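The primary structure of each chain is shown beneath.
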Amino acid sequence: MEYFVQPGSVVRRIWGKSDTVLFIFAGASAEFALNKAVDWLYFTGQLPADPMGRLFSTVAYAGKIVFLPNREAIAAIDSINEIHRAVEKKRGEQIPQWSYRDVLYMLIAYSITAYELLEKRLTESEKEEIYDVFHRVGSRMHIKDLPETYRKWVTDRERHLSRDLEPSTYTHDLYRQYRKHLGPVRYRLLLEVQQMICPPGVRKMLELQPNPLIPPALVVYKLSRSLAVDKLLKSFLLPAAYRQQILELDRF
């Protein structure tokens, strides 16, 4: 059977563990809050009503595509296009192409950073492989002006970060909602992960300060995985509403 992402791919290793998916989610939730096109997510009313569920479903949906047979993956991507077209029709405007690229770029960037934080450094060819997968997703979504290679994408990613992000009233509202839906302890944990995974410009805009306790805590967490107690920790730390859904992301 032909798959959208072949078995054995580094992309499957990244998206087949709930840990890395959660770190990707943490980074994306920070950039979503700063993105100048975040008003599109507010337009439907789904984001402020359930920000954690809405943002996590976006990340998790991307992960599902990674493991689908080619035909089903393409159908899933086409369904995303249909949802976007419906929103555009309702609002009477088109979603900016640069905002599509921003979301795609988040998934690429945090796939790499999350894996390197939790597992090991990626080779240049592995990064090219990650970029190729998401480039194919973006091409199927008819996203324009995607760089041809990973190296060119790195430059364009920096351009997008400097141009498309700024704090706004949406930023502050989203973070209030994050705290409301997560509670103070899990919200603090989200901020700590964001501080580790987000690029410097994002950390500066969100005023995320480094915590000297976090690097050793990350080492302890990695050790807990080798002792098979990480699921117990995640059961305690994860919101009950999403706990089972997140644990089901573990494929390895």
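From a predicted model like this one, the values you see are computed outputs, not experimental measurements.

Draft legend 1. Geometry of the overall build of the protein. Broken down by element type, the protein carries 14 helices and 0 strands. Of the regular secondary structure in the protein, the N- to C-terminal order runs α-α-α-α-α-α-α-α-α-α-α-α-α-α. The C-alpha atoms of the protein give 18 Å as radius of gyration, which agrees with the globular expectation for 252 residues (18 Å, within 12%). Projected onto its principal axes, the C-alpha coordinates of the protein cover approximately 50 × 45 × 35 Å. Looking at the protein as a whole, 51% of its 252 residues are labelled buried. Pairs at least 24 residues apart make up 74% of the contacts formed inside the protein by residues separated by at least 6 positions. Across the protein, the mean location of the 36 positive side-chain charges is 3 Å away from that of the 30 negative side-chain charges.

Draft legend 2. Expanded view of the side chain of Asn-35. With respect to the secondary-structure elements, Asn-35 resides in the loop between helix H2 (18–34) and helix H3 (39–43). With sequence-adjacent residues up to four places away left out, Asn-35 is seen in contact with Trp-98, Asp-102, Met-106, Asp-164 and Leu-165.

Draft legend 3. Local environment of the pattern of salt bridges. Under the counting rule described, the total for this entry stands at 15 salt bridges. One salt bridge in this structure joins Glu-119 and Lys-17, with 3.3 Å as the shortest N-O distance. Of the two residues, Glu-119 is situated in the loop between helix H7 (97–118) and helix H8 (124–140) and Lys-17 in the loop between helix H1 (10–15) and H2; the sequence distance between them amounts to 102 residues. Overall, the relative accessible area of 28% leaves Glu-119 in the partly exposed class.

Criteria and cut-off values
Residues numbered from 1 in each chain as written. Predicted model: local features only at pLDDT ≥ 70, side-chain atom pairs only at ≥ 80, totals over all residues. Heavy atoms only, no water. Helix = DSSP H or I, 4+ residues; strand = E, 2+ residues; numbered from the N terminus. Rg over C-alpha atoms; globule rule 2.2 N^0.38 Å. Buried < 20%, exposed > 50% of the residue type's maximum accessible area, 1.4 Å probe, protein only. Contact = heavy atoms within 4.5 Å. Lys, Arg positive; Asp, Glu negative; His and termini not counted. Charge placed at Lys NZ, Arg CZ, Asp CG, Glu CD. Salt bridge = Lys/Arg side-chain N within 4 Å of Asp/Glu carboxyl O.

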